[in-house]
Amino acid sequence: MSSSAPAIEADAVTKEYGDVRAVDSLDLVVERGETYGFLGPNGAGKSTTIGLLLDYLRPTSGTVRVLGKDPRRDVVEVHDRVGVLPDRFGLYEDRSARQHVSFVAEAKRVDDAPESLLERVGLGDAVDDDAGDFSSGMEQRLALAMALVGDPELLILDEPFSGLDPHGVRRVRDIVHEETQRGATVFFSSHVLGQVELVCDRIGVLHEGRLVAEGTLDELRDRTASPDDATVEDVFVELTDARVDDGGERR
Amino acid sequence: MRWSPLARSESRTVLTSKGAWILASLVVLWGFRPTYAGWDAVGRNITVGYIQIGVDLFLPIGALLVSYQSLIGERTTGSIKFLLGLPLTRTQILLGKASGRFVGVGAAIVAAALALAGIGLVEHGPFGLLPFLGTLVATLLLASAMVAVGVLVSTVTRRTVTAATGVFAYLLVTLFWTQIVTSVYTAITGVPVDPYEAPASGPLFLALRLTPDGAYNVLTNWLLDVGNSAELFHIVATKLAPGVSVNAFVVEAAFDGGGPWYLHPALSVVVLLVWVGVPMALARRIFTEGDAL
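Keep in mind the model is a prediction, meaning the values are calculated, not measured.

### A look at the overall build of chain B
Part 1: Of regular secondary structure, chain B possesses 15 helices and zero strands.
Part 2: Taken over C-alpha atoms, the radius of gyration comes to 20 Å for chain B, in line with the 19 Å a tight globule of 293 residues would show.
Part 3: Across its three principal directions, the C-alpha atoms of chain B cover 65 × 50 × 30 Å.
Part 4: Buried residues in chain B amount to 54% of all 293 residues.
Part 5: For chain B, the share of sequence-separated contacts (at least 6 apart) that also reach a separation of at least 24 residues comes to 76%.
Part 6: Accessible area for chain B stands at about 12,400 Å²; split by element, carbon and sulfur atoms hold 69% of it.

Written out as structure tokens, the structure is:
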């Protein structure tokens, strides 16, 4: 059952912090093998949603399933099969890149060679350097290498292009392509809208905790009556500038 | 075990930190205290007494300082997002954290105990193996209790400064525990407590040995066979010496016969186990409910 289940299913998921509703009745399905871009302005609820998918946070109401499993009850199996690049993370400053990757590999009980994963993300010459000496781009690459440990079935990347130079951005894009070629599902949030266009099969736009639009770029262009050559940025601005009424439709 | 990589990582963190080795050094420097009172009390086993003296003062604060940042530190730096992404339940994360920190603190404290044993062996000659090994086990039990308290503080709080305040508050309460207990006893019973002539009250004596360090002292005094008390061994021996009056709460000095059953020193093992189990159970309850970030 779970092998054919969607990679991600969120059913009427709401997350509240006191009076603040960070995620509001979110329905989301990401199919296996898709590359899904999860877009939204700052504070839209993207990272909160990712936190709910990974059981970092618990929903106020609604249900979440990842790879057909309950991320709370089946946390070990879900995290075994998922690779995560979190947003606004910190590394262990006194540990080397190799130690970071080895730590995840040991926890996942796989024998991936840290050197090859670090080479893949462009840190081949910094394998034994302490993470405390890394630039933000190197930190991002290291976190990506950690996410790739164990060939995960689902990669959840929260702002993967953050802090990267153009070479780094291209490398992340290439890795996303390689991972989908391998059969993995990739779910990522990003502000770097141009990259989304190059990478994603489908896009979901989150605004004020609600999924206000979803589809391929062409579908979103049609929905917003944008011209055929409109970029993701044009569509995004159009969607998130508009107010959202109670039914979730744009006015 | 799933959490053993995390435990190894945690113990490496402790053992590569200055804190663990400063703790070990302080235990040795403070503990090695040759006194006539100590020698008269236990002879060559004064070497074991050195461990009690050093551990009683420095292990609680040292183990707390080493463990109170175990989770809150990861929260503040953001590395908790990697930790929570590992294929571990939250309970396993707590177990990995606590056991790893315990192994680190335990290794440092065993090194300190062995150093004191070596010094004692050279200075005073052979000592009793049983009291030494028993004290080592009691010391590790105290270390695990303090790590459990530290992990609890780290789990409950959301800011490092709050966690540090919690640790400070705990240390303050245990430092003034005797004064707190005697004041509460007087307030409830109306009987003033004179530590030179302590009332033969079972509940009063029980309360005095409910802190981890109090229970540790009771246990090690039992192993050293000096008397039944939460004070340091040489003070207990002095109190029980004929014709000497000191302000210490010693069961044999206050009660005719050995006092009520629940003051048996062996029950201090239960007290220490409660200090391990209850904080860990509370930490688990808090950490597994609700949001982890």
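### Observations concerning the interface of chain B and chain A
Part 1: Counting residues at the interface gives 29 residues for chain B and 29 residues for chain A.
Part 2: Taking both partners together, chain B and chain A bury about 2,500 Å²; carbon and sulfur atoms supply 54% of that area.
Part 3: One can count four salt bridges joining chain B with chain A.
Part 4: Salt-bridge contacts for Asp80 of chain A lead to Arg2 of chain B; the nearest nitrogen and oxygen are separated by 2.8 Å.

### Description of helix H13 (residues 233–240) of chain B
Part 1: Turning to H13 of chain B, its buried residues number three or more, namely Phe233, His234, Val236, Ala237 and Lys239 of chain B.
Part 2: On the buried face of H13 of chain B, the contacting elements are helix H3 (36–42), helix H4 (46–67), helix H12 (212–224) and helix H14 (251–254) of chain B.

### A look at the environment of Met1 of chain B
Part 1: Within the secondary structure layout, Met1 of chain B lies in the segment before helix H1 (4–15).
Part 2: Placed 95 residues apart in sequence, Met1 of chain B and Gly96 of chain B show a C-alpha to C-alpha distance of 9.6 Å.

### Some points on the sheet that holds strand E2 (residues 20–30) of chain A
All names here are of chain A.
Part 1: Strand order in the open sheet formed by three strands is E2-E1-E4, with antiparallel pairing between adjacent strands. If you trace the sheet from one side to the other, it starts and ends with E2 and strand E4 (61–66), each paired once. The average angle at which neighbouring strand axes cross in this sheet is 20 degrees, direction not considered.
Part 2: Looking at chain direction, strand E1 (residues 8–17) and E4 are connected through five bridges and run antiparallel. In the strand pairing of E4, Ala10 is matched with Val64.

### Re the pattern of salt bridges
Part 1: Following the criterion strictly, the structure yields 27 salt bridges over all chains and no others.
Part 2: Among the ionic pairs, Glu10 of chain B bridges to Arg101 of chain B, the shortest N-O distance being 2.5 Å. Within this pair, whereas Glu10 of chain B is found in helix H1, its partner Arg101 of chain B is found in helix H7 (residues 90–124), the two being separated by 91 residues in sequence.
Part 3: Since its relative accessible area comes to 2%, Glu10 of chain B is described here as buried.
Part 4: For Arg101 of chain B, a relative accessible area of 9% translates into the label buried.
Part 5: Taken together, the shared-partner salt bridges connect Arg32, Lys69, Glu77, Arg81 and Glu153 of chain A into one network.

### Points about the environment of Gly209 of chain A
Residue and element names in this part refer to chain A.
Part 1: Mapped onto the elements, Gly209 comes out in the loop between strand E8 (202–207) and strand E9 (210–215).
Part 2: Sequence separation of Gly209 and Arg88 is 121 residues, and the distance between their C-alpha atoms is 19 Å.
Part 3: Sequence-distant contacts of Gly209, that is, excluding residues within four places in its chain, are made with Ala22, Val23, Asp24 and Ala44.

### Considerations on the pairing of E1 of chain A
Part 1: Alignment of E1 of chain A against E2 of chain A, held across seven bridges, turns out to be antiparallel. Bridged to Glu9 of chain A within E2 of chain A is Val29 of chain A.

### Overview of the packing of helix H3 (residues 97–108) of chain A against helix H5 (residues 136–148) of chain A
Residue and element names in this part refer to chain A.
Part 1: Look at H3 against H5: their axes get within 9 Å of each other, and the N-to-C directions meet at 25 degrees. Between H3 and H5, the interaxial angle falls into the category roughly parallel. In terms of crossing hand, the pair formed by H3 and H5 is right-handed. Along its contact with H3, which presents Ala97, His100, Val101 and Val104, the element H5 presents Leu142, Ala145 and Met146.
Part 2: Partitioning the contact of H3 with H5 into residue classes produces six nonpolar, one polar and no charged.

### Structural notes on helix H9 (residues 232–241) of chain A
All names here are of chain A.
Part 1: Within the sequence span of H9, burial applies to Val232, Val235, Phe236, Leu239 and Thr240. An end-on view of H9 places all buried positions within 115 degrees of arc, on one side of the element.
Part 2: Against the buried residues of H9 lie strand E3 (35–39), helix H7 (193–199), E8, E9 and helix H8 (217–223).

### Side note on the UniProt feature "transmembrane region" (unreviewed entry) in chain B
Residues and elements named next belong to chain B.
Part 1: As annotated in UniProt, the feature "transmembrane region" (unreviewed entry) corresponds to residues 47–66, 102–122, 128–155, 167–188 and 261–283 in the numbering used here.
Part 2: What you have in residues 102–122 is 100% helix and 0% strand, and the ends, taken at the C-alpha atoms, are 30 Å apart.
Part 3: In the segment residues 128–155, helix accounts for 96% and strand for 0%; the C-alpha atoms at its two ends are 41 Å apart.

### Examining the domain arrangement of chain B
All names here are of chain B.
Part 1: Per the domain assignment, the segments making up chain B are domain 1 (4–175 + 274–288) and domain 2 (178–269).
Part 2: The interface of domain 1 with domain 2 comprises 27 residues on the first partner and 21 residues on the second.
Part 3: When the buried surface of domain 1 facing domain 2 is broken down by residue, Gln52, Asp56 and Trp275 rank first, second and third, together holding 28% of it.
Part 4: Put simply, domain 1 and domain 2 have zero salt bridges between them.
Part 5: Summed over the shared surface of domain 1 and domain 2, the number is six residue pairs in polar contact (both at pLDDT 80 or more).
Part 6: Those elements that provide at least two residues to the side of domain 1 that touches domain 2 are H3, H4, helix H8 (129–156) and helix H9 (160–175).
Part 7: The biggest single contributor to the side of domain 1 that touches domain 2 is H4, with nine residues.
Part 8: A per-class count over the side of domain 1 that touches domain 2 returns 18 nonpolar, eight polar and one charged.

Cut-offs and rules
- Residues numbered from 1 in each chain as written.
- Chains lettered and ligands numbered in written order.
- Predicted model: local features only at pLDDT ≥ 70, side-chain atom pairs only at ≥ 80, totals over all residues.
- Heavy atoms only, no water.
- Helix = DSSP H or I, 4+ residues; strand = E, 2+ residues; numbered from the N terminus.
- Rg over C-alpha atoms; globule rule 2.2 N^0.38 Å.
- Buried < 20%, exposed > 50% of the residue type's maximum accessible area, 1.4 Å probe, protein only.
- Contact = heavy atoms within 4.5 Å.
- Areas by Shrake-Rupley, 256 points an atom, 1.4 Å probe, with all protein chains shown as cover.
- Buried area = accessible area lost by both parts, 1.4 Å probe.
- Salt bridge = Lys/Arg side-chain N within 4 Å of Asp/Glu carboxyl O.
- Pairing = 2+ DSSP bridges.
- Axes fitted to C-alpha atoms, helices over the stretch in contact; angles between N-to-C directions.
- Parallel < 35°, antiparallel > 145°, perpendicular 65-115°, else oblique.
- Left-handed = near helix turned anticlockwise from the far one by under 90°.
- Nonpolar A, V, L, I, M, F, W, Y, C, P; charged D, E, K, R; others polar.
- Arc of directions from axis to C-beta.
- UniProt positions renumbered as here; feature names shortened; annotations may be inferred.
- Domains from an automatic or database assignment.
- Polar contact = N/O pair within 3.5 Å; in protein donor to acceptor, adjacent residues only side chain to side chain.

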